[in-house]
Each structure stands twice: as structure tokens, then as C-alpha cells.
Amino acid sequence: MRCFGFGYDSKTCDYKFVSVYCQPDVDGYEDMDVSQVEIHTLGSDSWENYHSYNPYQINEKRGVFLNGAIHWSANLRTSLEWQPRLLISMDMEDECSRYYTFGMWEMKDYYGHM
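Given the structure is predicted, the values throughout are model-derived calculations rather than measurements.

## Some thoughts on the overall build of the chain
Then comes step 1: Assigned secondary structure in the chain consists of zero helices and ten strands.
Then comes step 2: Going from N to C terminus, the chain has its helices and strands arranged as β-β-β-β-β-β-β-β-β-β.
Then comes step 3: Sorting the 114 residues of the chain into buried and exposed places 39% on the buried side.
Then comes step 4: For the chain, the proportion of contacts with a sequence separation of at least 24, taken over those separated by at least 6, is 35%.
Then comes step 5: In the structure as shown, the chain presents an accessible area of about 6,600 Å², 52% of it carried by carbon and sulfur atoms.

## Some points on the packing of aromatic side chains
Then comes step 1: With the rule as written, the count across this model stands at three aromatic pairs.
Then comes step 2: Grouped by ring-pair contacts, the aromatic residues F6, Y8 and Y15 constitute a single cluster.

## Let's talk about the pattern of salt bridges
Then comes step 1: This model, assessed by the stated rule, comprises four salt bridges.
Then comes step 2: Between E95 and K16 there is a salt bridge, and its shortest N-O distance comes to 2.9 Å. With E95 in the loop between strand 8 (81-91) and strand 9 (97-101) and K16 in strand 2 (residues 14-24), the pair connects residues that are 79 residues apart, well separated along the chain. An identical accessibility class is assigned to E95 and K16; each is buried.
Then comes step 3: Sharing partners across several salt bridges, the network here consists of D9, K16 and E95.

Analysis parameters
- Residues numbered from 1 in each chain as written.
- Predicted model: local features only at pLDDT ≥ 70, side-chain atom pairs only at ≥ 80, totals over all residues.
- Heavy atoms only, no water.
- Helix = DSSP H or I, 4+ residues; strand = E, 2+ residues; numbered from the N terminus.
- Buried < 20%, exposed > 50% of the residue type's maximum accessible area, 1.4 Å probe, protein only.
- Contact = heavy atoms within 4.5 Å.
- Areas by Shrake-Rupley, 256 points an atom, 1.4 Å probe, with all protein chains shown as cover.
- Phe/Tyr/Trp six-rings, centres within 6.5 Å; stacked < 30°, edge-to-face > 60°.
- Salt bridge = Lys/Arg side-chain N within 4 Å of Asp/Glu carboxyl O.

Here you go:
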């Protein structure tokens, strides 16, 4: 699944377009998804690319921009089963992703760029 988001970086006064492509891993991490994240900064017309392994799967194609970050709902893999209980956020300033679990709302910093 490919997901998108559009946001504003107040530190650099620039807009950013984020594309996230998630797919199941085929290299032995069967409880993880592989994410390819592409971030386009409009002012400099530049692209950043990141890859990471994640224990979650994003549900929404379009992210919501709020408080300096793009947010998506996601499913968390637990015991080889997907459970809907995460909010994934991509901060526009530091370009790092964070996830929040529903229920506890415990913030987990995940600096693997999704």
C-alpha cells in the first residue's frame, strides 16, 4: 500500500510531500513490514529516501496534517496477528516518525524514519 501526506515545516518555512510505501518483508522478518519513505521538500526541490522494518501496517492512504506532523492510523502486529491500535506520526521538522498506542497513549520515538 502507498500512503501520502502533505505538510508544512515551520522551522524552514517550507512545504513537504511524504510518500510511504509499505510491503510485507520477504527477507526473513515475517512479523515486520518494509517501509520506503520518500520526502520531497518543495522549496529546494529535493528528495530524501529512507527504508526501515516496522511492526505496523498503515491503514489510510491519505495522512492528516496536524500540529507540525502528518498522521496515519495503523495496525500493530502482535503474535502474528494485526490489531488496529496505532497512530503513526511523521514530524515535518526532524523527519522522524513516532507512534502512539491506543489505550495507553504511550509515546514511542522511532527514529528509523518509518
